[in-house]
Amino acid sequence: MPGDVAEDKTSMLTILTTEHNTLQMVRTATITDASSRAGHLLTTISASMIALGFVAQVVPLKVLLTLMLVLFSGLFAIGLATLFRTVELTIEDVQAGLGINRIRHIYGDLEPCTREAFVRQVHDETASVEADAGQTGWRKARRPRLIGTALGVSGLVNLVNGLVAGAIAGAASGLLNASLAWAIAIGVVVAVAVIAAFGVALGKIGRRGVAPISTRYPKNH
């Protein structure tokens, strides 16, 4: 009987370790994919702005504003696709993080003497995953949730999309003969509104994506 127990524990550890490694590879893949997509978006925007800079030297203002309106509308569409994909990748990353924390908790149950060796979280709840992502000098070793979200890849893409939307609004205002001051003001308002609206919407999408994973080992367990 003792031999069977030892064999069962060995098999369990093998299975858990394999799943742990798989989830870690998932997290690496999601982070790499999200960062790559954001990088491609920024590169596309940078190249477009450089091209506009050359064109601005040889075309009238109305033509330039029209080109900006068309070009930045396309960039905004690309940005939206990038944004929603990075949110999906973020959800997948959090799901993998929850699984890793759950497995780490079981490690501690199987071998209680190892619990003190873990420097990462052992609770399978989103707050613990966020804590792992924010081990900085902030209070309680966690970034405030709003700042942590804004500093993520999806938050960066949302910020860029808001700025692109502001540029579209500013160009449209210029074509409607608005003054420079009004065009800038309208662009700023639109940028802030887009960033805030998509930030709230994406937060709800993220919570719905993580919700199906039930918490088994919360901090008060």
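Keep in mind that this is a model prediction, so the values were computed, not measured.

J.: Let's hear about the overall build of the protein chain: which residues, and what values?
T.: The secondary structure content of the protein chain amounts to six helices and zero strands. Mapped from its N terminus to its C terminus, the protein chain presents α and β elements in the order α-α-α-α-α-α. Counting across all 221 residues of the protein chain, residues that qualify as buried make up 33%. If you take every contact in the protein chain between residues at least 6 apart in sequence, the share linking residues at least 24 apart comes to 74%. Split by element, the accessible area of the protein chain, about 13100 Å² in all, is 68% carbon and sulfur.

J.: Tell me about the side chain of S154, and name the residues and values.
T.: Mapped onto the fold, S154 is located in helix α5 (residues 153–175). Residue classification places S154 among the buried positions, given a relative accessible area of 15%. Non-local contacts of S154, meaning those with residues more than four positions away in its chain, are made with L83, T86, V87 and T90.

J.: I'd like to hear about the nonpolar core, residue by residue, with values.
T.: I45, F72, F76 and V164 are the most contacted members of the largest nonpolar core, which has 22 residues in total. Those elements that provide at least two residues to this core are α1 (2–55), α2 (61–110), α5 and α6 (180–210). Looking at which element gives the most residues to this core, the answer is α2, with nine residues. Setting aside residues no more than four positions away along its own chain, F76 makes contact with N161, V164, A165, I168, V194 and F198. Ranked by size, the runner-up nonpolar core spans seven residues in total, among them L16, A96, Y107 and L110.

J.: How would you explain the pattern of salt bridges if you had to name every residue and give the values?
T.: Considering all chains together, one arrives at six salt bridges under this definition. For D33, the salt bridge is made with R37, and the minimal N-O distance between the two is 3.0 Å. Taken as a pair, D33 and R37 lie in helix α1 at a separation of four residues, close to a single helical turn. By relative accessible area, which is 24% here, D33 ends up partly exposed.

J.: Describe unusual backbone geometry, listing the residues and the values that go with them.
T.: Most peptide bonds take the trans form, and the phi angle of most residues other than glycine is negative. One non-glycine residue, N177, adopts positive backbone phi at about 70°. Classification of N177 by relative accessible area gives exposed; the value is 62%.

J.: With reference to specific residues and values, describe the environment of A197.
T.: Topologically, A197 is positioned in helix α6. Sequence separation of A197 and N158 is 39 residues, and the distance between their C-alpha atoms is 9.8 Å.

J.: Break down the environment of L180 for me, citing the residues and quoting the values.
T.: By secondary structure assignment, the location of L180 is in helix α6. For the pair L180 and G170, spaced ten residues apart in sequence, the C-alpha to C-alpha distance is 8.7 Å.

J.: Before we move on, can you summarise a nonpolar patch on the surface with the specific residues and values?
T.: Side chains of L42, L156, L159 and L163 sit close together on the surface and give an oily, nonpolar patch of about 330 Å² of accessible area. Sort the elements by how many residues they give to the nonpolar patch and α5 lands first, with three residues. Relative to the helices and strands, L156 is located in helix α5. Among the residues examined, L156 registers a relative accessible area of 37% and is labelled partly exposed.

J.: Can you tell me about the confidence of the model for the protein chain, naming the residues and giving the values?
T.: Per-residue pLDDT for the protein chain has a mean of 86; in total, 88% of the residues score no lower than 70. The element-level mean pLDDT for the protein chain is lowest in helix α4 (residues 145–150), coming to 54, with α5 highest at 94.

J.: If you had to explain the packing of α5 against α6 to someone new, which residues and values would you point to?
T.: At a minimum axis distance of 7 Å, the contact between α5 and α6 shows a crossing angle of 145°. The two elements α5 and α6 cross, and the hand of that crossing is right-handed. Touching N158, L159, G162, L163, A165, G166, A169, G170 and S173 of α5 are A183, I186, G187, V190, A191, V194, I195, F198 and G199, all from α6. Grouping the constituent residues of the contact of α5 with α6 by class yields eleven nonpolar, seven polar and no charged.

J.: How would you sum up the packing of α2 against helix α3 (residues 126–133)? Please name residues and give values.
T.: Closest axis-to-axis distance for the α2/α3 pair is 9 Å, and the angle between their directions is 100°. As far as their axial angle goes, α3 and α2 are roughly perpendicular. Residues V94, G97, L98, N101 and R104 of α2 form the contact with α3, whose own contacting residues are T126, S128, V129 and D132.

Rules used in this analysis
- Residues numbered from 1 in each chain as written.
- Predicted model: local features only at pLDDT ≥ 70, side-chain atom pairs only at ≥ 80, totals over all residues.
- Heavy atoms only, no water.
- Helix = DSSP H or I, 4+ residues; strand = E, 2+ residues; numbered from the N terminus.
- Buried < 20%, exposed > 50% of the residue type's maximum accessible area, 1.4 Å probe, protein only.
- Contact = heavy atoms within 4.5 Å.
- Areas by Shrake-Rupley, 256 points an atom, 1.4 Å probe, with all protein chains shown as cover.
- Core = buried A, V, L, I, M, F, W, Y, C linked by side-chain atoms within 4.5 Å.
- Salt bridge = Lys/Arg side-chain N within 4 Å of Asp/Glu carboxyl O.
- Patch = residues over 30% accessible without salt bridge, like charges linked within 9 Å, V, L, I, M, F, W, Y side chains within 5 Å.
- pLDDT = per-residue confidence, 0-100.
- Axes fitted to C-alpha atoms, helices over the stretch in contact; angles between N-to-C directions.
- Left-handed = near helix turned anticlockwise from the far one by under 90°.
- Nonpolar A, V, L, I, M, F, W, Y, C, P; charged D, E, K, R; others polar.
- Parallel < 35°, antiparallel > 145°, perpendicular 65-115°, else oblique.

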